[in-house]
Amino acid sequence: MSLSTFSSAPYTSGPAMLVRRRIATYFVGGIDQIPALVATLTQHGKLIHELSVDVREGVRESSMVSTVLVSPDALDALLDALRALSSVVSAELA
């Protein structure tokens, strides 16, 4: 004897899958800008896996490369939030 159960309830998807994205951010203002950059990453991403910052004296722009767990639908909002910071020259997928 076999018993099958069918549900007529509509399908609802769960939360979006988080994916790793590598983001390159170029900024001015030196080391003092790093806390705001990291705060923006953690507000929009779920977890920072890697973070590398290159700040050099005498060079106008510094760079930060990070790998963040983020849902695909939140990626554009994260990049826009980074770009909205006054110290950020550019933020893009690396």
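Summarised in this report is the structure supplied together with it. (Residues numbered from 1 in each chain as written. Predicted model: local features only at pLDDT ≥ 70, side-chain atom pairs only at ≥ 80, totals over all residues. Heavy atoms only, no water.)

### Side note on the overall build of the chain
Looking only at helices and strands, one finds 2 helices and 4 strands in the chain. Along its sequence from the N terminus, the chain presents helices and strands in the succession β-α-β-β-α-β. Buried positions account for 29% of the 94 residues belonging to the chain. Considering only contacts within the chain whose residues lie at least 6 apart along the sequence, 69% involve residues at least 24 apart. Here the chain displays about 6500 Å² of accessible surface, and carbon together with sulfur accounts for 53% of that area. (Helix = DSSP H or I, 4+ residues; strand = E, 2+ residues; numbered from the N terminus. Buried < 20%, exposed > 50% of the residue type's maximum accessible area, 1.4 Å probe, protein only. Contact = heavy atoms within 4.5 Å. Areas by Shrake-Rupley, 256 points an atom, 1.4 Å probe, with all protein chains shown as cover.)

### Quick look at the packing of helix 1 (residues 34-44) against helix 2 (residues 75-84)
Relative to each other, helix 1 and helix 2 sit at 160°, their axes nearing to 9 Å. What the angle tells us is that helix 1 and helix 2 run roughly antiparallel. Crossing of helix 1 against helix 2: the hand is right-handed. Listed contacts from helix 2 to L37, T40, L41 and H44 of helix 1 are A77, L78, A81 and L82. Among the residues making up the contact of helix 1 with helix 2, the classes are represented as 6 nonpolar, 2 polar and no charged. (Axes fitted to C-alpha atoms, helices over the stretch in contact; angles between N-to-C directions. Parallel < 35°, antiparallel > 145°, perpendicular 65-115°, else oblique. Left-handed = near helix turned anticlockwise from the far one by under 90°. Nonpolar A, V, L, I, M, F, W, Y, C, P; charged D, E, K, R; others polar.)

### Overview of the sheet that holds strand 4 (residues 88-93)
If you trace the 4 strands from one edge of the open sheet to the other, you get 2-3-1-4, paired in antiparallel fashion. Edge positions in the sheet fall to strand 2 (47-54) and strand 4, since each of these pairs with one other strand and no more. Within the sheet, the average angular offset between the axes of one strand and its neighbour, ignoring direction, is 15°. Note: strand 2 against strand 3 (residues 62-70), 7 bridges, orientation antiparallel. Looking at strand 3, one finds that D54 is bridged to S63. Running over the sheet, helix 1 touches strand 1 (19-27), strand 2, strand 3 and strand 4 and is turned about 155° from strand 2. Helix-sheet contacts for helix 2 involve strand 1, strand 3 and strand 4, and the interaxial angle to strand 4 is about 165°. (Pairing = 2+ DSSP bridges.)

### Considering the pattern of salt bridges
Across all of its chains, the model carries 2 salt bridges by this definition. Put simply, D54 and R56 hold a salt bridge, and the shortest N to O gap is 3.0 Å. A residue is classified by how much of its surface remains accessible, and D54, at 32% relative accessible area, is partly exposed. (Salt bridge = Lys/Arg side-chain N within 4 Å of Asp/Glu carboxyl O.)

### Comments concerning helix 2
Residues that lie three or four places apart on an α-helix share one face, since the helix turns once every 3.6 residues. Within helix 2 the residues assigned to the buried category are L75, L78, L79, A81 and L82. Buried residues in helix 2, looked at end-on, bunch into an arc of 160°, giving them a common side. Pointing more than 90 degrees away from the buried face of helix 2 are the exposed residues D76 and A84. Considering only its buried residues, helix 2 is in contact with strand 1, helix 1, strand 3 and strand 4. (Arc of directions from axis to C-beta.)

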